[in-house]
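As a plain string of letters, each chain reads:
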Amino acid sequence: MSKGAYIHYRDSTIGKTLVDALDHFVAIDALTPQLANKIILNFDVAIMDALAERKTEAKLTFKGHLDTYRFCDDVWTFLVTGVTFKFPQSYLKPIETDKISIIAMSAKRLTEP
């Protein structure tokens with residue numbers, strides 16, 4: 001495992017679910033805290049590598065109104081309102097939501113804390 005990875009993906013749905021599951025296993029003594037920490041560090045690297053190597057094939061387009069944007073500490077944050085997601089597969093209906101937050105950052109790796 002290479003040193004340094006973003007921990008940002010821990011705030012995704014899959015990251016939060018993994019952390020919750022690991023916390024549960026540590027609480028019932030099925031995992032040691034050290035092993036749980038190793039698993040989450042592996043997740044950080046694996047998710048970043050998968051996205052960097054474009055191992056995902058899902059595509060969509062979205063349209064909305066850019067409400068707010070900001071750039072701080074090399075991280076862009078875009079708040080978009082009135083968003084409609086459309087999928088290239090004709091059998092999937094468009095999804096609408098009131099607002100989304102898009103966070104974009106550099107692809108370079110950060111060092112671990």
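This report concerns the structure included in the present document. Everything numeric in this text was worked out from a predicted model, so none of it was measured.

What follows concerns unusual backbone geometry. Backbone geometry places Asp29, a non-glycine residue, at a positive phi of 60 degrees. You can see Asp29 is positioned in the loop between helix 1 (13-27) and helix 2 (33-52). A relative accessible area of 69% places Asp29 in the exposed class. Within the chain, Asp73 stands out as a residue other than glycine whose phi angle is a positive 55 degrees. Along the chain, Asp73 turns up in the loop between strand 1 (61-72) and strand 2 (75-86). Judged by its relative accessible area of 69%, Asp73 falls in the exposed class.

A word on the pairing of strand 2. Relative to strand 2, strand 1 runs antiparallel, the two sharing 10 bridges. When the bridges of strand 2 are listed, Arg70 appears paired with Thr77. Hairpin connection, strand 1 to strand 2: the antiparallel pair is bridged by 2 residues, and Asp73 has positive phi, about 55 degrees. Of the strand pairs in this sheet, strand 2 and strand 3 (residues 95-105) are connected by 10 bridges, and their pairing is antiparallel. Opposite Thr84, over in strand 3, you have Glu96 as the bridge partner.

With that settled, consider the layout of surface pockets. Rolled over the atoms, a probe with the dimensions of a water molecule shows which regions are left empty. Considering only enclosed or pocket space, the largest pocket measures out at about 560 Å³ in volume. Around the largest pocket, the lining comprises 12 residues; the ones closest to its centre are Leu51, Leu60, Phe85, Ile102 and Ile103. Considering every element that reaches the lining of the largest pocket, the biggest residue donor is strand 3, with 4 residues. Among the residues making up the lining of the largest pocket, the classes are represented as 8 nonpolar, 3 polar and 1 charged.

The rules behind these values
- Along each chain, numbering runs from 1 in the same order as the chain's sequence is written.
- This being a predicted model, a pLDDT of at least 70 is required before a residue's local features are given, and a value of 80 or more before pairs of side-chain atoms are given or counted; all residues contribute to the totals for chains, interfaces and linings.
- To obtain the side-chain values, all non-hydrogen atoms of the structure were used and water was disregarded.
- Secondary structure elements are taken from DSSP: a helix is a run of H or I of four residues or more, a strand is a run of E of two residues or more, and numbering for both begins at the N terminus.
- Each residue's exposure class comes from its accessible area (1.4 Å probe, protein chains only) as a fraction of the maximum for that residue type: buried when under 20%, exposed when over 50%, partly exposed otherwise.
- By definition, two strands form a pair when at least two bridges between them are found by DSSP.
- Residues are said to line a cavity or pocket when one of their atoms sits within 4 Å of a point; the points come from a 1 Å grid over protein atoms alone, cavities being sets where a 1.4 Å probe fits but cannot get out and pockets being open sets with protein on both sides within 12 Å along at least five of seven lines.
- Grid points are joined across faces, edges and corners, and a volume is the space filled by probe spheres set on the points.
- Polar here means any residue outside two lists: the nonpolar Ala, Val, Leu, Ile, Met, Phe, Trp, Tyr, Cys and Pro, and the charged Asp, Glu, Lys and Arg; Gly therefore counts as polar.

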